[in-house]
Amino acid sequence: MPSPQDPHADQPVLHYGPPLAQARSVAICIHGRGASAEDILGLGPELGTSDVAYLAPQAAGHTWYPYSFLSPIPQNEPGITSALGVIARLVDSTNLDSERVVILGFSQGACLALEFAARNPRRYAAVVAMSGGLIGPPGTPRDYPGSMENTPVFIGCSDIDAHIPLERVRESAEVFRRMGAAVDERIYRGMGHTINEDELHAVRALVAG
């Protein structure tokens with residue numbers, strides 16, 4: 001049951017694509033602030049691949065944590081810890097090796113995708129962050145232990161995103177390089193806080209691969 005300490009527990013999880021038992025891989029799709037699982041699950045048809053199952057958890061109140069991802073982490077608790085727990089349980093529920101699991105998010109969901117992968121490093125099929133960065137204020141220690149084992153990590157963002165400073169995007173990409181990921185960092189000049197066709201093309205290739 002959800003509780004004040006674990007607000008996102010037992011929220012709905014939407015599913016698109018084949019049953020998990022028949023899927024070659026699974027993409028866990030994490031929505032942004034004010035959005036919904038249904039919104040982010042709309043990427044499933046866009047990304048295609050009939051043998052990939054897409055799972056999209058719903059945040060309580062349509063937000064995973066209340067303040068900017070740049071705020072002191074305690075201010076955004078217990079939302080962050082609860083959200084990361086949701087992702088962890090979904091990864092476990094697939095009954096697949098992590099190298100067949102994609103962790104994907106947009107905006108708030110992108111921040112959580114990166115933070116989850118950094119705190120739980122291993123070989124994944126891919127980690128995808130569209131308009132996001134690692135969580136915490138400037139100066140947050142980034143000495144995550146472990147290796148990403150050459151996991152493809154895609155990080156795409158505008159150079160003028162009002163919510164995601166370019167410096168944090170660069171820092172996040174560098175952290176994953178240090179952790180042994182194969183990072184594809186793409187900065188789009190003048191783009192808004194959105195997803196563009198180039199990102200979809202890159203992510204489609206990762207999911208298909």
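The paragraphs below set out a description of the structure included in this document.

Cut-offs used in this document
Residues numbered from 1 in each chain as written. Predicted model: local features only at pLDDT ≥ 70, side-chain atom pairs only at ≥ 80, totals over all residues. Heavy atoms only, no water. Helix = DSSP H or I, 4+ residues; strand = E, 2+ residues; numbered from the N terminus. Polar contact = N/O pair within 3.5 Å; in protein donor to acceptor, adjacent residues only side chain to side chain. Contact = heavy atoms within 4.5 Å. Pairing = 2+ DSSP bridges. Axes fitted to C-alpha atoms, helices over the stretch in contact; angles between N-to-C directions. Buried < 20%, exposed > 50% of the residue type's maximum accessible area, 1.4 Å probe, protein only. Expected span 1.5 Å × (residues − 1). Phe/Tyr/Trp six-rings, centres within 6.5 Å; stacked < 30°, edge-to-face > 60°. Right-handed = clockwise from strand over helix to strand, strands pointing away.

**Quick notes on the side chain of S158**
Here comes step 1: Of note, S158 is situated in strand β6 (residues 152-158).
Here comes step 2: Within the structure, the side chain of S158 is placed 2.9 Å from the backbone nitrogen of I160, a separation counted as a polar contact.
Here comes step 3: At 2.4 Å, the side chain of S158 and the backbone oxygen of M191 are in polar contact.
Here comes step 4: In this view, S158 contacts I187, Y188, G190, M191 and G192; residues no more than four positions away in its chain are not counted.

**What about the sheet that holds strand β7 (residues 182-188)?**
Strand pairing in a sheet is mediated by backbone hydrogen bonds. Such pairs are either parallel or antiparallel.
Here comes step 1: The seven strands lie next to each other as β1-β3-β2-β4-β5-β6-β7, forming an open sheet whose pairing is mixed. Pairing within the sheet leaves two strands with one partner each, and these edge strands are β1 (13-16) and β7. Averaged over all pairs of adjacent strands, the angle between strand axes in this sheet comes to 15 degrees, irrespective of strand direction.
Here comes step 2: Relative to strand β3 (residues 52-57), strand β2 (residues 25-30) runs parallel, the two sharing four bridges. By the bridge assignment, S25 is partnered in β3 with V52.
Here comes step 3: Running at roughly 165 degrees to β7, helix α5 (residues 166-178) makes contact with β6 and β7 of the sheet.

**Some details on the pairing of β3**
Here comes step 1: Buried residues dominate β3, accounting for six of its six residues.
Here comes step 2: Going residue by residue along β3, you find V52, Y54 and A56 tucked away on one face and A53, L55 and P57 tucked away on the opposite face as well.

**Observations concerning the environment of H201**
Here comes step 1: Looking at the element boundaries, H201 is found in helix α6 (residues 197-208).
Here comes step 2: Of the residues examined, H201 reaches a relative accessible area of 53% and is grouped as exposed.
Here comes step 3: Taking the C-alpha atoms as reference points, H201 and L47, separated by 154 residues in sequence, lie 8.1 Å from one another.

**Re helix α4 (residues 108-119)**
Here comes step 1: Its twelve residues place the ends of α4 16 Å apart at the C-alpha level, agreeing with the 16 Å of an ideal helix rising 1.5 Å per residue.
Here comes step 2: With respect to burial, α4 is a largely interior element, eleven of its twelve residues being buried.
Here comes step 3: The set of residues buried in α4 consists of Q108, G109, A110, C111, L112, A113, L114, E115, F116, A117 and A118.
Here comes step 4: Buried residues in α4 make contact with β2, α3 (79-93), β4 (101-106), β5 (126-130), β6 and α5.

**A look at the packing of aromatic side chains**
Here comes step 1: Tallied over the entire structure, the rule returns one aromatic pair.
Here comes step 2: Ring centres 6.0 Å apart and planes at 50 degrees place the aromatic pair Y16 and Y54 in the tilted group. In this pair, Y16 is assigned in strand β1 and Y54 in strand β3, connecting sequence segments 38 residues apart.
Here comes step 3: Assessed through its relative accessible area of 37%, Y16 is described here as partly exposed.
Here comes step 4: When its relative accessible area of 0% is taken as the criterion, Y54 is described as buried.

**A word on the pairing of β5**
Here comes step 1: The buried fraction of β5 amounts to five of the five residues, a majority that puts the element mostly inside the structure.
Here comes step 2: Of the two faces of β5, the one lined by A126, V128 and M130 and the one lined by V127 and A129 are each fully buried.
Here comes step 3: In the sheet, β4 pairs with β5 via five bridges, with the strands oriented parallel. Looking at the pairing, V102 lines up with A126 of β5.
Here comes step 4: Taken together, β4, α4 and β5 form a β-α-β motif whose crossover is right-handed.
Here comes step 5: For β5 and β6, the ladder comprises four bridges, and the chain directions are parallel. Paired with A129 across the strands is I155, a residue of β6.

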